[in-house]
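Read off the chains here:
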Amino acid sequence: MKIATYNIQNLFFRDKNLVKENRLKKQDEWNEELEILFLKKEKNTNEFERMRALSTLLGFNKAPFEPYVSLKNLEGNLMIETYPTHLKNKAAEVTKWNGWIELATIPINKNSIFNKARVILDTAPDILFLQEVESRSSLLQFNDIYLKEKMKDGYAEIFFMDGNENNGTGMGVLLKERYLIMAIRSFSNERDVDNKPLFEKNVIQFKIMSPIGVEVYFICCQLATASDETKLETKRKRQTTKIASIYKELRSKGNKNIIVLGNFNAPSYSDSLIPLIQDTDLKDIVKQDSFEADLDHGDQSTYFRMGAYRKGINIKQKDYLLVSPSLFYSTKNCGLNRMAVWPSKLPQWPLYDSVKNELDSASEHPLLWADIRLEDPVKLKIA
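Residues numbered from 1 in each chain as written. Predicted model: local features only at pLDDT ≥ 70, side-chain atom pairs only at ≥ 80, totals over all residues. Heavy atoms only, no water.

**Student:** Explanation requested: the side chain of asparagine 167 in the structure shown.
**Tutor:** Position of asparagine 167 relative to the elements: it lies in the loop between β8 (157-161) and β9 (170-175). Within the local environment of asparagine 167, its side chain forms a polar contact with the side chain of threonine 169, the two groups lying 2.7 Å apart. With residues up to four places along the chain from it excluded, the contact list for asparagine 167 reads Asp15 and Leu18. (Helix = DSSP H or I, 4+ residues; strand = E, 2+ residues; numbered from the N terminus. Polar contact = N/O pair within 3.5 Å; in protein donor to acceptor, adjacent residues only side chain to side chain. Contact = heavy atoms within 4.5 Å.)

**Student:** Would you take a moment to explain helix α3 (residues 110-123) for this structure?
**Tutor:** A turn of α-helix holds 3.6 residues, and therefore any two residues three or four places apart point the same way. For α3, built from 14 residues, the straight-helix expectation of 20 Å at 1.5 Å per residue is met to within 8% by its first-to-last C-alpha distance of 21 Å. Lining the buried residues of α3 we find β1 (2-7), β7 (127-133), α4 (136-147), β19 (331-337) and β20 (367-372). Residue asparagine 109 occupies the N-cap position of α3, its side-chain oxygen lying 2.7 Å from the main-chain nitrogen of asparagine 111. Alanine 124 lies just past α3 and shows a positive phi near 50°. (Expected span 1.5 Å × (residues − 1).)

**Student:** Looking at this structure, I do not really get unusual backbone geometry. What am I missing?
**Tutor:** For residues other than glycine, phi is negative in most cases, and the peptide bonds are mostly trans. Positive phi, close to 50°, is recorded for glutamine 9, a residue that is not glycine. Positionally, glutamine 9 belongs in the loop between β1 and β2 (13-15). Accessibility expressed as a relative area gives 12% for glutamine 9, which makes it buried. One non-glycine residue, glutamate 132, lies in positive phi territory at about 60°. Locating glutamate 132 in the fold gives a position in strand β7. Residue glutamate 132 is classed as buried on the basis of its relative accessible area, which comes to 8%. (Buried < 20%, exposed > 50% of the residue type's maximum accessible area, 1.4 Å probe, protein only.)

**Student:** Can you walk me through the packing of aromatic side chains in this structure?
**Tutor:** When we look at a pair of aromatic rings, we describe it by the centre distance and by the angle of the planes. Counted under the stated rule, the structure contains 8 aromatic pairs. Judged by centre distance (5.0 Å) and plane angle (40°), the ring pair of phenylalanine 129 and phenylalanine 218 falls under tilted. Taken together, the residues phenylalanine 129 in strand β7 and phenylalanine 218 in strand β12 (residues 215-222) connect sequence positions 89 residues apart. Overall, the relative accessible area of 0% leaves phenylalanine 129 in the buried class. (Phe/Tyr/Trp six-rings, centres within 6.5 Å; stacked < 30°, edge-to-face > 60°.)

**Student:** Can you help me understand the sheet that holds β19 in this one?
**Tutor:** Within a sheet, each strand pairs with its neighbour through backbone hydrogen bonds, oriented either parallel or antiparallel. Taken together, 7 strands build an open sheet; the order of strands is β8-β9-β7-β1-β20-β19-β15 and the sheet is mixed. Two strands close off the open sheet at either side, each with one partner strand: β8 and β15 (291-292). Relative to β9, β8 runs antiparallel, the two sharing 5 bridges. Each residue of the ladder has a partner; that of methionine 161, found in β9, is methionine 171. Docked against the sheet, α4 engages β7, β8 and β9, running at close to 150° with respect to β8. (Pairing = 2+ DSSP bridges. Axes fitted to C-alpha atoms, helices over the stretch in contact; angles between N-to-C directions.)

**Student:** Honestly, the pairing of β1 in this entry has me stumped. Any pointers?
**Tutor:** In regular strands, side chains alternate between the two faces of the sheet. The buried count for β1 comes to 6 of 6 residues, which makes it a mostly enclosed element. In β1, alternate side chains face the same way, and those of Lys2, Ala4 and Tyr6 on one face and Ile3, Thr5 and Asn7 on the other are all buried. When β1 meets β20, the two strands line up antiparallel, connected through 5 bridges. Paired with tyrosine 6 across the bridge in β20 is leucine 367. Taken together, the 5 bridges between β1 and β7 define a ladder with parallel strand orientation. Across the sheet, threonine 5 pairs through a bridge with phenylalanine 129, a residue of β7.

Spelled out as structure tokens, the structure:
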């Protein structure tokens, strides 16, 4: 059974507020990089391309991020024109409406969509968990267009559930043929101390049956993100405490095959992750001896940065694949794919040839995977 978890950061459209928030976080880095390139007396083709990409990311070229369309009445038919050069006309008469409307989402770069699919196809998991998916229709379309032809008919069973935030950050799971979802339990209605939802996104528990009849429980998570780090840590700890209780309840009922995965938005040393990482017997797949990933270039491949996945893989760990002890010791191979993650600063790591700049990046998150050997319950009974 090969499983994977991936915060794909939307498939075709991304909420404009998420784009804006991300651009604000990175603005200083982009300004610094652009200034360094400007000051270089001689520039090669790749550097000129990067300058163009940075000018777009910083808003000098606003067209690819323009969150508006023009809506015109043409002989009784409403016509849409994307990315208007000016926004002077507003609505006049209801019957002859000419003007502009603001969009809630921004389309994702086509190369980025292609690279999202490439990461998944290169891993080819039997069960794929995705965070930050905008809709079920997008998930179905993505499977039909990008995965089916190159992955033995793609995925046979597809599930999607939205979270508590209305911004296209739902969760999806895709299963190959003969893998079956037997039960689903959502924790979206769990309440926090202020009686608001405990989980802004969602936490979903799945019971999935493998082709040989083994039942595995999955707890798919996406934890809190906020600008105020102090409040965030406190909130996230309440979230992980609840998730740990879900895991312990399953263990107390005799279940040995349990996996907790998703985007925790914090490095492993964070106080907020103690309830999961230290107060349970869950084990982080990155500590498995078989863990594999392309290392950073040069001297950085021998270096370990605090909070990174492991030595030579120096990006801050935010995504996790935690497994119960029996599954940890039954893991044949596991690893990480970050070949479509654009590195904003050195150290750099190997990238796909289709990732030319930050706009081509599939996601800011790597894909984590594990290939686990499941024991056939029938053979165990006979033995």
